[in-house]
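Per-entry structural report
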Number of protein chains: 2
Amino acid sequence: MTTHVDFWFEFASTYSYLSAMRIEEEASKRGVVVHWRPFLLGPIFAAQGWNTSPFKIYEAKGRYMWRDMARRAERLGLVFKAPAEDAVDRFPQNGLAAARLTLAGLHEGWGQAFARAVYKAEWAEGADISDAQTLARLVAAAGGDPTAAATRMQSPEIKSALRANTDDAIARGVFGAPSFTVGEELFWGDDRLEDALDWASA
Amino acid sequence: MTTHVDFWFEFASTYSYLSAMRIEEEASKRGVVVHWRPFLLGPIFAAQGWNTSPFKIYEAKGRYMWRDMARRAERLGLVFKAPAEDAVDRFPQNGLAAARLTLAGLHEGWGQAFARAVYKAEWAEGADISDAQTLARLVAAAGGDPTAAATRMQSPEIKSALRANTDDAIARGVFGAPSFTVGEELFWGDDRLEDALDWASA
C-alpha cells in the first residue's frame with residue numbers, strides 16, 4: 001500500500017498557493033503520493049458565523065497575512081502580488097468554477113497542472129479566477145480540452161464530488177486551508193506541509 | 001548596537017510555552033538578544049468581540065490545537081499535558097499575576113527563569129498559575145524573593161508596565177501569542193520563531 005497524504009486546498013486561500021506549488025516536490029523526496037482534494041471553505045466559515053475570509057473580518061490578522069505571505073513567497077522563490085489597497089474587494093475570490101474544473105481535470109490527468117496554473121494566475125498575475133475565458137486558457141495550458149471541461153464541470157457528478165470533498169473535509173476536522181490529512185492526523189497550514197509528509201513517510 | 005527580537009508572550013497561551021522554552025537557545029546560536037515582553041491577550045481578543053480564547057470559540061480549531069500542541073511538544077522533547085476533558089474550564093488560565101511577577105523579575109534578573117517555570121508548571125504539570133502559593137514557589141525556584149515580589153507586583157509601576165506592554169503590542173499589530181517583532185517586522189506563532197531570529201541576525 002502506498003503511503004498518501006490528502007491535500008485540502010481552496011482557491012480563495014493565499015497560503016494554499018504556497019503549498020500547491022511545492023507539495024509534489026516535497027512529497028516525491030519522501031516517496032509519498034498526494035491526493036489533491038479541492039474543497040470550499042465557504043460552508044465551513046458560514047458555520048462559524050463568518051460571511052467572508054477571517055483575514056477580512058479580523059483586520060490585524062489580515063494585515064499580518066499579506067506581509068507574511070510576501071515574506072514566505074520570497075523565501076520559496078515564488079512571485080506574490082497582494083491585491084492593491086483600492087482592489088481589496090478582489091479578496092477573497094470565488095474559486096467555485098476553478099474547483100469544479102480541477103475535479104474534472106484530476107480524472108483526466110491535467111488537474112494538478114491546472115490547479116497550479118490557477119494559483120499562479122491568481123497570486124502572481126492578479127487574474128480573476130472566476131472568469132470563464134481565463135479558466136479556459138488555463139485548462140488548455142494544462143493540457144485539457146476547454147470546451148469539454150466547461151460542459152463537464154456543470155455535470156451532477158462533478159458538482160456532487162465537490163460537495164462530497166467539502167463534507168469529507170468537515171468530517172476530518174478541517175477548518176482552514178491548506179490542510180493535510182494522513183489517516184486520522186490533521187495538519188493545518190503551509191507551515192505544516194513538511195510535518196504532514198514526514199508523518200506519512202515515517 | 002546589538003540586534004534584538006521582542007518576544008511577546010501570554011501565560012494563557014499554549015504555543016507561547018513552546019517558544020519560551022526554546023527561544024534563548026535559538027537566539028544565542030544567532031547572536032541575537034531577546035527582550036521578553038509579557039502582555040495580555042484579553043484586551044486584544046475583547047476588541048475582536050471574543051470573551052475567551054478563539055480555541056474555545058471555534059471548536060474544530062480548538063480540537064486541532066490540542067493535537068498539534070501534543071505533536072509539536074513531543075518533537076521538541078517537551079512534556080505537554082492538555083487539560084482533561086472534564087477540566088476544560090481550566091483553559092484559558094488567568095495569567096495576570098504571572099505576567100506582573102515576570103515584569104518584576106525581569107528587573108531583578110530572575111524573570112526569564114520564572115516565566116519558563118510558570119509555563120512548565122502550567123503545561124507539563126497541570127498547575128493553577130493564578131494560585132498565589134504556586135507562584136511564590138516558582139519565584140523562589142527562579143531565584144527571587146517571593147515576599148518582596150508579591151508586594152512589588154502590586155505596585156503602580158508594574159501594573160502600568162504591563163498595560164504599556166499590551167498597548168505597545170497592539171500598536172505593533174500583535175493579535176495573538178506568541179509573537180516576535182524585529183523593528184517593523186511582525187512574526188506570529190511558534191512556527192515563525194526561527195524566521196524572526198533569522199530576520200534579526202540577517
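Just above, that's the structure.
Structure report, in brief. Every chain's residues receive numbers from 1 upward, in the order its sequence appears when written. Note on labels: chains are lettered from A, ligands numbered from 1, in written order. In keeping with the model being predicted, local features are shown solely for residues with a pLDDT of at least 70 and side-chain atom pairs are shown and tallied solely at 80 or more, while totals for entire chains, interfaces and linings include all residues. Heavy atoms from the whole structure form the basis of all side-chain values; hydrogens and water molecules are not counted.

As for the packing of helix 4 (residues 59-76) of chain A against helix 10 (residues 193-201) of chain B
In this analysis, axes come from line fits to C-alpha atoms, helices being fitted only over the stretch in contact, and the angle between any two N-to-C directions falls in the range 0 to 180 degrees. Helix numbers and strand numbers start at the N terminus; a helix is a DSSP run of H or I with at least 4 residues, a strand a run of E with at least 2. Remark: helix 4 of chain A packs on helix 10 of chain B, axes separated minimally by 13 Å, with the N-to-C direction vectors making an angle of 75 degrees. The angle between the axes of helix 4 of chain A and helix 10 of chain B places the two elements in the roughly perpendicular class. For the pair helix 4 of chain A and helix 10 of chain B, contact is made by Arg67, Arg71, Arg72 and Arg75 of chain A and by Asp195, Asp198 and Trp199 of chain B, respectively. For the contact of helix 4 of chain A with helix 10 of chain B, the residue count by class is 1 nonpolar, no polar and 6 charged. An angle below 35 degrees is treated as roughly parallel, one above 145 as roughly antiparallel, one from 65 to 115 as roughly perpendicular, and anything else as oblique. Note on contacts: a residue pair is in contact if any heavy atoms of the two residues lie within 4.5 Å. For this classification, the nonpolar set comprises Ala, Val, Leu, Ile, Met, Phe, Trp, Tyr, Cys and Pro, the charged set comprises Asp, Glu, Lys and Arg, and every other residue, Gly included, is treated as polar.

Description of the nonpolar core
What makes a nonpolar core is a set of buried Ala, Val, Leu, Ile, Met, Phe, Trp, Tyr and Cys residues whose side-chain atoms join them at distances within 4.5 Å. Buried, partly exposed and exposed residues are distinguished by accessible area as a fraction of the type maximum, computed with a 1.4 Å probe on protein chains only: under 20%, between the cut-offs, and over 50%, respectively. In terms of nonpolar packing, the biggest core is built from 50 residues, with Phe7, Phe11, Tyr17, Trp36, Phe114, Val118 and Phe180 of chain A touching the most fellow members. Examining the composition of this core, we find that 7 residues originate from one element, helix 6 (residues 111-123) of chain A, more than from any other. Ranked by size, the runner-up nonpolar core spans 49 residues in total, among them Tyr15, Ala127, Leu138 and Ile158 of chain B.

Digging into the interface of chain A and chain B
Counting residues at the interface gives 23 residues for chain A and 23 residues for chain B. Where chain A abuts chain B, roughly 2300 Å² becomes buried across the two surfaces, and 47% of that area is made up of carbon and sulfur atoms. On the chain A side of the interface with chain B, the three residues burying the most area are Tyr58, Tyr64 and Arg192 of chain A, jointly 26% of the side's total. One side-chain nitrogen of Lys or Arg within 4 Å of one carboxyl oxygen of Asp or Glu is enough to make a salt bridge. Between chain A and chain B we count 12 salt bridges in total. Across the salt bridge formed by Asp68 of chain A and Arg192 of chain B, the nearest N and O atoms sit 2.8 Å from each other. Side-chain atoms alone can form a polar contact between residues adjacent in sequence; in general such a contact is a pair of N or O atoms within 3.5 Å, and within protein one must be able to donate a hydrogen while the other accepts it. Along the contact surface separating chain A from chain B lie 19 residue pairs in polar contact (both at pLDDT 80 or more). Two parts lose some accessible area (1.4 Å probe) when they are put together, and adding that loss for both gives the buried area.

A look at the packing of aromatic side chains
The rule is short: rings of Phe, Tyr and Trp, with Trp giving its six-membered ring, pair when the centres are within 6.5 Å, and they are stacked under 30 degrees, edge-to-face over 60, tilted in between. By the definition in use, this model includes 46 aromatic pairs over all chains. Considering the side-chain rings of Tyr15 of chain A and Phe55 of chain A, the 6.4 Å spacing of their centres and the 55 degrees angle between planes classify their relative orientation as tilted. Of this pair, Tyr15 of chain A sits in helix 1 (residues 14-30) while Phe55 of chain A sits in helix 3 (residues 54-57), and the two are 40 residues apart along the sequence. Residue Tyr15 of chain A is classed as buried on the basis of its relative accessible area, which comes to 16%. Pairing Phe80 of chain B with Trp123 of chain B gives two aromatic rings, centres 5.6 Å apart and planes at 35 degrees, and the pair type is tilted. Pair noted here: Phe80 of chain B is in the loop between helix 4 (59-76) and helix 5 (96-108) and Trp123 of chain B is in helix 6 (residues 111-123), with a separation of 43 residues, a long-range link. The class for Phe80 of chain B is buried, based on a relative accessible area of 15%. Members of the aromatic cluster, connected to one another through ring pairs, are Phe7, Phe9, Phe11, Tyr17, Trp36, Tyr119 and Phe180 of chain A. The aromatic ring of Phe187 of chain A is capped on one face by Arg71 of chain B, whose charged end is 3.8 Å from the ring centroid. Here, a charge over a ring is recorded when the distance from Lys NZ or Arg CZ to the ring centre is within 6 Å and its angle to the ring normal is within 35 degrees.

Details of the relation of the copies chain A and chain B
A least-squares superposition brings the copies together, and it is based on the C-alpha atoms of residues with pLDDT no lower than 70 in both. At an RMSD of 0.0 Å, chain A and chain B line up after a rotation of 180 degrees and a shift of 0.0 Å along the axis. The transformation relating the two chain copies, once decomposed into turn and shift, fits a two-fold axis. Of every C-alpha in chain A, the one belonging to Asp191 of chain A sits nearest the axis of rotation, 3.7 Å from it.

Digging into the pattern of salt bridges
Tallying each qualifying case throughout the model produces 37 salt bridges over all chains. A salt bridge links Arg172 of chain B to Asp6 of chain B; its shortest N-O distance comes to 3.5 Å. Of this pair, Arg172 of chain B sits in the loop between helix 9 (156-171) and strand 3 (179-182) while Asp6 of chain B is found in strand 1 (residues 4-9), placing the two residues 166 residues apart along the sequence. The exposure class of Asp6 of chain B is buried, given its relative accessible area of 5%. Of the charged contacts in the structure, one is a salt bridge between Glu194 of chain B and Arg22 of chain B, with a shortest N-O distance of 2.7 Å. Here the residue Glu194 of chain B occupies a position in helix 10, and Arg22 of chain B occupies one in helix 1 (residues 14-29), the gap between them amounting to 172 residues. Owing to a relative accessible area of 26%, Glu194 of chain B belongs among the partly exposed residues under this scheme. Taking the relative accessible area as the measure of exposure, Arg22 of chain B reaches 12% and is therefore buried. Taken together, the salt bridges that share partners define one network made up of Arg67, Asp68, Arg71 and Asp191 of chain A together with Glu185 and Arg192 of chain B.

Thoughts on the sheet that holds strand 3 (residues 179-182) of chain A
Residues and elements named next belong to chain A. At least two DSSP bridges between two strands are needed for those strands to be called paired. Across the sheet, 4 strands lie side by side as 2-1-3-4; this open sheet has mixed pairing. Two strands lie at the open edges of the sheet, namely strand 2 (33-38) and strand 4 (185-188), each paired on one side alone. On average, adjacent strands in this sheet sit at an angle of 25 degrees to one another, irrespective of strand direction. Across 4 bridges, the pairing between strand 3 and strand 4 is antiparallel. Bridge pairing in strand 4 links Ser179 to Trp188. Packing of helix 5 (residues 96-108) onto the sheet brings it into contact with strand 1 (4-9) and strand 2, and relative to strand 2 it is tilted by some 145 degrees.

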